[in-house]
Amino acid sequence: MEKGDRVSEYLFAKMGPGDRGPKTTEDREAPVEYTGVKKWFVDNTLLVVTLAGVLSGIAVGFGLRPYHLGPDALMIISYPGELFMRLLKLMILPLVIASLIAGSASLNAKMSGKIALRTLSYFVLTSMFNAFFGVLLAVLVHPGESYLKENSGPAVVKRDHNILDSLLDIGRNIFPDNIVQAAFQQAHTVYVQPQTLFASNGTENGTEPALVRVIQYRSGTNTLGLVFFCLVFGSLLGTLGQKGQVVVDFFQAIFEVIMKMVAGVMWFTPVGVSSVIAGKILGVDNVAQVMSQLAWFIATVAIGVFLYQLIVMQLLYFIFLRRNPYKFYWGLSHAMLTASATASTAAALPITFRAMEGPLRIDARITRFVLPIGCNINMDGTALFLAIASVFICQMNNMHLGFAQLATIFLTSTATSLSSASVPSAAMVLLLVVLAAVDAPTQDVSLLFAVDWLVDRIRTTNNMLGDCYAAAIVEHLSKHELMACDAASMEPVATNGTLPTTTTDLDIGSSKKSLESDDIVIDMHLSNIDDKS
């Protein structure tokens, strides 16, 4: 009996403090689990406060309109929203670069090519569908009336580039000649008067001077060029194996740091969103008159956006994945609210990443590959808007639209939407290209600027959701390749023609050795106890 007591005392002395269990009963208490409505509010806190920010922004905007605030007051109200937008845009560039390089490096080059082909095919097909759907809706609803032309702005005399210039500019931006310059400038075509040796008036003969094409650079991140460079860089980095792993880990660490920054910025969303919306409402002159004049146009765009969101997208998701699509749709509600409030898919990209890789559990290799590309190429809502707006302006000018004109609008809307920047009101510039393709007057575009602040927020949700649904569908179509990639990464690598011992065997061997050594120690102590007794 004395021997057994000594053994138990020895074993108890060898146990660390962490092996003795909790010191008090407080440590044994289970975490509080909420149920019902309280659980829903706890799980969706950010969504609730963001929605409250949207509603408060609308209330403040319309509530302060009767006071006719001056420009200084408007600037103060919009200032928190401006800071919020700057914070989000601050994280876009490092997030896109880190996610694309880390995502493409985790896949082999062949697999990256397959995923890229599926992604681009999905983006082009959905953009074509939205352009066709927009043309069909505009023809059926007929929102354009001739009396609206009296309210259009002055004629636009500036010559804008055509569809050919837009397509060529896409190629110039995909292949930048300076990767550093691509971070803050992008190439575009402009028409200028040619420089002559003699100063002469080009209109002295009664003719307009001939304009020539010139490639210039304007402010703005060339995201197409950065995406292309990062995809190629990451794909080749993945072929280096262990030699390039330190670089992959570096970009992976950058991505995780940015996402931690996003977690902090997200709590600033309600104030920022409320400020942005209130400032936009207060900055529009004669909201009621503009809404009444363009009510049918706004309604046509909204009908098209929500029909595509709530029916077409959900059908695509269900056909491919055979799961409940509205559960996936609900999981993106916070990112959708942020994209709508900021009118920018790129600004909502950090929050979209958090939703896709968090609650929705989409493979990180797919999200980091698809979302940055879709943020700059996939513009479903923009294609729909361009088609509806082009038909609307043609109807307003009593232009006959035959099959050839409608087909031209369909094709140019699809092509120009793929070159649209993910910034607010970028589609208004591209609308001039579509109108020029059917010889429609461009001066009437100024009428749409009065409501673009609202329509832009409606169509941006389609752009953001299109990227997310594309990632889910591409992940499902690529599941066999992903599993093969996982299996290949777990296989032992041959060194000098021999297979090394697996880590599992090494772990088991080491564990056996440790167990045996522990037994020896205990046996020695037990023998000492016997001798003393």
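Structure: see above.
These remarks concern the structure in this document. (Residues numbered from 1 in each chain as written. Predicted model: local features only at pLDDT ≥ 70, side-chain atom pairs only at ≥ 80, totals over all residues. Heavy atoms only, no water.)

**A few points about the overall build of the protein chain**
For the protein chain, the count of helices and strands is 22 helices and 2 strands. Relative to its full complement of 533 residues, the protein chain shows a buried share of 43%. In the protein chain, the share of contacts with a sequence separation of at least 24, taken over all contacts with a separation of at least 6, comes to 85%. Of the roughly 28400 Å² of accessible surface on the protein chain, a fraction of 64% belongs to carbon and sulfur atoms. (Helix = DSSP H or I, 4+ residues; strand = E, 2+ residues; numbered from the N terminus. Buried < 20%, exposed > 50% of the residue type's maximum accessible area, 1.4 Å probe, protein only. Contact = heavy atoms within 4.5 Å. Areas by Shrake-Rupley, 256 points an atom, 1.4 Å probe, with all protein chains shown as cover.)

**Describing unusual backbone geometry**
If you check the backbone angles, Arg-322 has positive phi at about 55 degrees while not being a glycine. Relative to the assigned elements, Arg-322 resides in the loop between helix H11 (295-321) and helix H12 (325-331). One non-glycine residue, Ala-343, lies in the positive phi region at around 55 degrees. Structurally, Ala-343 can be placed in the loop between helix H13 (333-342) and helix H14 (349-357). Using a relative accessible area of 2% as the deciding quantity, one classes Ala-343 as buried.

**Describing the nonpolar core**
Nonpolar side chains tend to gather and get buried jointly when the protein is soluble and globular. In this structure, Phe-328, Leu-332, Met-356, Val-370, Ile-373, Leu-465 and Tyr-469 are the most contacted members of the largest nonpolar core, which totals 79 residues. In this view, Phe-328 contacts Tyr-317, Met-356, Leu-360, Ile-362, Cys-468, Tyr-469 and Ala-472; residues no more than four positions away in its chain are not counted. Grouped together as the second largest cluster of nonpolar side chains are 39 residues, Leu-137, Phe-385, Leu-386 and Ala-387 included. (Core = buried A, V, L, I, M, F, W, Y, C linked by side-chain atoms within 4.5 Å.)

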